[in-house]
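Commentary on secondary and tertiary structure
Here are the chains, one letter per residue:
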Amino acid sequence: MAFPTDQTVSRLGAQNQGADARALFLKLFAGEVLTAFEEKNIAMGLHRVRTISNGKSASFPMTGVASASYHTPGQLIEADALNHAERIVTVDDLLISKSFIANIDEAMNHYDVRSIYSKEMGHALANAADRNILKVIADAAGITSSAGLPAAQRLNDEVFTNNVAVGADGVTATGTDIANSIYAALEEFDSKDVTGEKVCVLPPANYYKLFGSQDVNQLAYMNRDVGGSGSMSTGQVPVIGGVKILMSNHVPTTDESTSSLTPSSASYGDYKGDYSDVEGLIFTQDAAATVKLLDLGVESEYQIDRQGTLMVSKYAMGHNILRPACAIKLTATTNTP
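The present account deals with the structure reproduced in this document.

How each quantity is defined
Chains are numbered independently. Their residues run from 1 in the order of the written sequence. Local features in a predicted model are, by the rule used here, given only for residues with pLDDT of at least 70; side-chain atom pairs are given and counted only at 80 or more, and totals for whole chains, interfaces and linings are based on all residues. The basis for every side-chain value is the complete set of heavy atoms in the structure, and neither hydrogens nor water enter the calculation. Patch membership requires more than 30% relative accessible area and the absence of a salt bridge. Residues of like charge join within 9 Å; the nonpolar side chains Val, Leu, Ile, Met, Phe, Trp and Tyr join within 5 Å. The accessible surface values rely on the Shrake-Rupley method and a 1.4 Å probe; as for residues, cover is taken only from the protein chains in view. The rule for a salt bridge is simple: a side-chain nitrogen of Lys or Arg has to be within 4 Å of a carboxyl oxygen of Asp or Glu. For the purposes of this entry, the term helix denotes a DSSP run of H or I that reaches at least four residues, the term strand denotes a run of E that reaches at least two, and both are numbered from the N terminus. The buried label applies to any residue whose accessible area, calculated with a 1.4 Å probe on protein chains only, is under 20% of its type's maximum; exposed applies above 50%, and partly exposed to all values in between. Only strands joined by at least two bridges in the DSSP assignment are considered to pair. Lines fitted to C-alpha atoms define the axes, with helix axes restricted to the stretch in contact, and inter-axis angles between N-to-C directions lie between 0 and 180 degrees. Here, residues are in contact when the closest pair of their heavy atoms is within 4.5 Å.

**Considering a nonpolar patch on the surface**
Taken together, the side chains of L94, I96 and L294 make up a nonpolar region of the molecular surface, amounting to roughly 250 Å² of accessible area. Following the sequence through the fold, L94 ends up in the loop between β3 (84–90) and β4 (95–102).

**What to know about the pattern of salt bridges**
Tallying each qualifying case throughout the model produces eight salt bridges. Among the salt bridges present, the one from R87 reaches E158, with a minimum N-O distance of 2.6 Å. Pair noted here: R87 is in strand β3 and E158 is in the loop between α2 (114–141) and β5 (164–166), with a separation of 71 residues, a long-range link. For the pair formed by R87 and E158, the shared burial category is buried.

**Concerning the sheet that holds strand β7 (residues 244–247)**
Spatial ordering of the open sheet is given by β5-β13-β10-β6-β7, a layout of five strands whose pairing is mixed. If you trace the sheet from one side to the other, it starts and ends with β5 and β7, each paired once. Going across the sheet, the axis of each strand differs from the next one's by a mean of 25 degrees, ignoring polarity. Relative to strand β13 (residues 327–332), α2 is tilted by about 85 degrees, and along the sheet it contacts β10 (278–283) and β13.

Following this line, the structure appears as C-alpha cells:
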C-alpha cells in the first residue's frame, strides 16, 4: 500500500522560508500585516469572454464579407455565397495555487492568515490569466496573413493588419513617438475596416513617456487648449485619437519562448513566444477570446493526518486568438520585420 507524500508547509513563523519556524511569532501583536504589492489586472474585461457549463471548448463563428453588384433589369438574381469558418477556444488544464498551514503555527500566530493566503493565491491566478490573455493578443497581432492560422480555422477573404514601429531606428522613443504610433495604428485599422472600440495597453516605461517631454508644446495630446485630455499634475493619461490608454506590467516585452507556466492542453501556442519587439498593444474586444469552465474559486480542507489546513485556489479557462486584424503591436523599430 502506497502512502501519500508529505505536504510542503508554509511555516507562518519562518522568515522567507528560513530554518527557524518561529522567528516571526511575537509575544504581542505589534503592527499591521503587510502583504506583497498587488498587481493590476486589466485584460479580462478587454476581450471576448464566454462561460460554458460543460464541455472542453467553444466555437466562435467567423463570417466573410458580402459582395455587391449592379443588377440588369429582367436578369435572374442569384444569391452570392459567403465564406464561413470558426475559431475554437479550448479550456486549458486546471490552474491552481496552493498552500498548507500547520495547525500549531496557526495557534501561535497573532493575526488571521487564512484570508490573506486566499487573497494572495487569488491574485496569483488573476495575474497568470492577465499575462496569458495579453500574450494571446500579442500573438494575434503577430499574424499578418492567413498562413499564421491553423488551416482548419482560415477564412478565405479575411483581412489582416500590419504592425506599427515606434520612433526612428536607433533612437530612443519619446512620448510623442508613442502617440504618433497610436495614430498610425488607427489609420491601419481604418484602412482595413476594423471597427469597434480600441484600447492601448503600454508597459510602465512607455506609459510614463507620455508625460516625459521637456517641451510641453510637443505634448499636444495633453493640452486641453487644443483638444487634449491628459493632466500632467494628476498623472491622468490622455485619450489619444479616441483610444483609451492603459498601463500593465503584464504586457509581454521579453523572449518567453521557454515560459514554465504552460498547460499540456493549451489552446494556442502554449502561451509562449518571443515578445522582445513589443512596445505596446492596441486592439479591440474581438482580438482574442476566453472560455471559462470553472471560474476562480477557493477550497480549504483540514487534514487530521497532517495536522493542518490545505488551501487551494483554482480556475479552468482557456484563451485563443479570435480576429488577428483587431490587434496591432507597437514594435521596436530595430526589431520590425
